[in-house]
Amino acid sequence: MTDETREQKEKDIDVPEVLAVLPIRDVVVFPMISLPLFVGRPSSVMALEHALGSHKLVLLVAQKDGSIENPALGDLFEVGTVASVVRMLKLPDGRVKVLIQGHKRARILELAQEEPFLSVRVEVLEEPKLTDIPLEVEALMRNVKEKIEKIIQLRDMPLEIMAVVNNIAEPGVLADLVASNLRLKIEEWQAVLELLDPVQRLGKVDGYLAKEVALSQMQTKLQNQVKEEIDKTQREYFLRGQLKAIQDELGESDSKLQEIEEYNKRIEKAKMPKKAKEEAERQLKRLETMHPDSAEASIIRTYLDWLVELPWGVSMKENLGLKDAKRVLDEDHYNLEKVKERILEFLAVRKLKKSAKGPILCFVGPPGVGKTSLGKSIARAMGRKFVRLSLGGMRDEAEIRGHRRTYIGAMPGQIVQQIKNAGSNNPVFMLDEVDKIGMDFRGDPSSALLEVLDPEQNHSFMDHYLGVPFDLSKVMFVATANVLDTVPGALRDRMEVISIPGYTPDEKLRIAKSYIVPRQLEANGLEPGQVVFSEDALKLLIEEYTREAGLRNLEREIASILRKVAKEVAEGKRKKAFISVAKARRYLGPAKYLGQEKLDKEEIGVATGLAWTAAGGEILHVEVSLAKGKGTLTLTGQLGEVMKESAQAALSYARAHAKEYGIDEDFYQHLDIHIHVPAGAIPKDGPSAGVTIVAALISALSKIPVKKDVAMTGEITLRGRVLPVGGIKEKVLGALQAGIRAVVLPFENEPDFEEVPPKIRKEISPIYVKSVDEVLKNVLAFDVLQKQDMELARASV
């Protein structure tokens, strides 16, 4: 049928104002398209019978949601297609098969009736006619036809389809025909139907057609790849079969039998426990029945290699001599008596009872104090192998327990891998940075460690990849952490925590002389005694060029000096060098850290506190300023929430006890209070500044200065009690470095003061207090106030 004949026929159709509605699901019918439909809903069947009995016309409208069984008018799109019922056939199951022919687009104006079927008033939508087809439209039509031809070739469809397409000269008709045969979403079909302009409609369909061409090309490519892979596999199978037949004829040895025999010998040699041996033999029987080059055979070989290479029965002979172990520990590390004592205790128990379980230690301390190197030293002292696993940033539980063998590229967890690397089942196993484990959707590694670090469970540790228990009870686990706050409670409970505090300046000096300098001389190609550091030069490096609890930066500064000396030696400028204070300054430049000093004089509203940092202890000054206002409290200096709460508690204490200290009881109504803790760029938090804040606040309000040569620490309560705090050793050292000899400490921290080295204790005068009242009696300079009053009296006379 030509386009002219089709147009004339469409003009002859007289569309009434009211039409019965036939809702259709998951499809859109376009004008000029014939389509068979199966109708089962009673209302739709009645609509068809009504149409057959009158003008044979119905309005086909797509449902917005195909799951609705009895759609109302609001569940249908606004634009549909006027179609005639060409043929109707009732089926035995009660449904009706109907052949329909689309004619014109129409828009629903209003509802005419709801029962027994939907009827609506419609408006026929006429598309604009093209009197002459421009070149651009002709090019677009040709482009669409070429894409259709490409799809026919890719999908191996009959070429007769192109004959039909080539006979279409109207862009709108071509667009409707192509759209009706594309696999589109209902919304996309409806968008094409509602577009009246034929050129725009054809352009939209061209876009959908381009996507369909790309999909067809990809589908054809994938099918060809699969076919090639299958052909290749079949070819290899036949060739290998022929190769095997040739080998059998030539009497060559069967490599598969040799492989199986080799695995049998390795399984016997591995001394596996019963369960592991049974699993290995079971997997070996499976391997015997498989083709050597199959994917499953490769997986089984990898699994058997892991089983036979693990040190199931291999243990290193331990050095249980306590004197030798102590000598090794002392050679590697200075001081750290608590740790050394714990290792020697374990060795003593092992000497008396061979079956004693290994301890699970956790070294906690700031960076650079020697936690990791201490693990190596323990292994050397005990004569065991040493392995280390860094847990920092680990987020996947499978890193600990391994992946199940069903996954491609599965491997055992790091615990089993490191045991294999050690080559023995009793190494010293260091779990480094246990406080930095993460967690995400892949699991929680810290929870997986609970079984590893539990002596009651780790004798049968189950790795997901191995699928058989492995005995970890002989392993000595040593964990390290900078802080315990981020370690989960259940994990912390399984470890014996040993704190390794920062080194004192005197300890750093000894370590530098005995350990760091000799090590760096060797590292920089210098002979022992070729470079000598004066004691004052080393003290200078400790005090002015480093600020840390550990020794890493100190070692870097020493190495920097030795590199410069090595350069001079290599250039022939000198053979030996003596490093004095002046030479150290010349090599390293200006000091990096200015020593903290105590206050020059007693000041009102300024108190000296003690703080703990990862680099050791230091002093801090709390400043309080008063100004006329309405009682606003301002806190600055990057204070954390706990420290802000301490300031609030100090203010509440001052208000409650104002009368006792001669302060106006209504001061908070007419004074603004500003509390500042330098340096402003450094975040600060913790409750230990409570006594310092309250001392500075009372000083500012009572106009009594605070003693310049006293530093303090302690948490306060609203009732005025002083509670214990941590880090006493580091804080006392920080006070001494700043030239302060008197420190105010909570009474309950008196036992902690004993941890301070005896040499330091002799230089410090501790003042133990139980209440804020005792603090103020010891830190407020009442004698200075009396002196000032006397001077004022003389001046007035």
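The model shown is predicted, which means the values in this text are computed figures rather than measured ones.

Visitor: What exactly am I supposed to notice about the overall build of the protein here?
Guide: Counting secondary structure elements, the protein contains 29 helices and 24 strands. Across its three principal directions, the C-alpha atoms of the protein cover 125 × 105 × 60 Å. Residues classed as buried in the protein amount to 45% of the 797 residues present. Pairs at least 24 residues apart make up 72% of the contacts formed inside the protein by residues separated by at least 6 positions.

Visitor: What is the right way to read the packing of aromatic side chains from this model?
Guide: For any pair of aromatic rings, the description consists of the separation of the ring centres together with the inter-plane angle of the planes. Per the counting criterion, the structure on display carries four aromatic pairs. Both rings, one in Phe429 and one in Phe477, keep their centres 5.4 Å apart while their planes meet at 35 degrees; by these two values the pair is tilted. Of this pair, Phe429 sits in strand 9 (residues 428-432) while Phe477 sits in strand 12 (residues 476-481); the two residues are 48 residues apart in sequence, bridging distant segments of the chain. This pair shows no difference in class: Phe429 is buried, exactly as Phe477 is. Relative to Tyr668, the ring of Phe667 has its centre 5.9 Å away and its plane inclined at 85 degrees; by these criteria the two rings are edge-to-face. Note on Phe667: relative accessible area 1%, which makes it buried. Its end group placed over the ring of Tyr303, Arg405 keeps NZ or CZ at 3.9 Å from the ring centre. Sitting above the plane of the Tyr668 ring, Arg655 keeps its charged end 3.7 Å from the centroid.

Visitor: How should the nonpolar core be read in this particular structure?
Guide: Soluble globular proteins tend to bury their nonpolar side chains together. The biggest cluster of nonpolar side chains holds 62 residues, and the ones touching the most others in it are Phe30, Leu59, Leu60, Ile148, Leu174 and Val178. The greatest single-element share of this core, amounting to seven residues, is contributed by helix 3 (residues 135-154). Ignoring anything within four residues of it in the chain, the contact list for Ile148 reads Met162, Val165, Val178 and Leu209.

Calculation criteria
- Residues numbered from 1 in each chain as written.
- Predicted model: local features only at pLDDT ≥ 70, side-chain atom pairs only at ≥ 80, totals over all residues.
- Heavy atoms only, no water.
- Helix = DSSP H or I, 4+ residues; strand = E, 2+ residues; numbered from the N terminus.
- Buried < 20%, exposed > 50% of the residue type's maximum accessible area, 1.4 Å probe, protein only.
- Contact = heavy atoms within 4.5 Å.
- Phe/Tyr/Trp six-rings, centres within 6.5 Å; stacked < 30°, edge-to-face > 60°.
- Lys NZ or Arg CZ within 6 Å of the ring centre and 35° of its normal.
- Core = buried A, V, L, I, M, F, W, Y, C linked by side-chain atoms within 4.5 Å.

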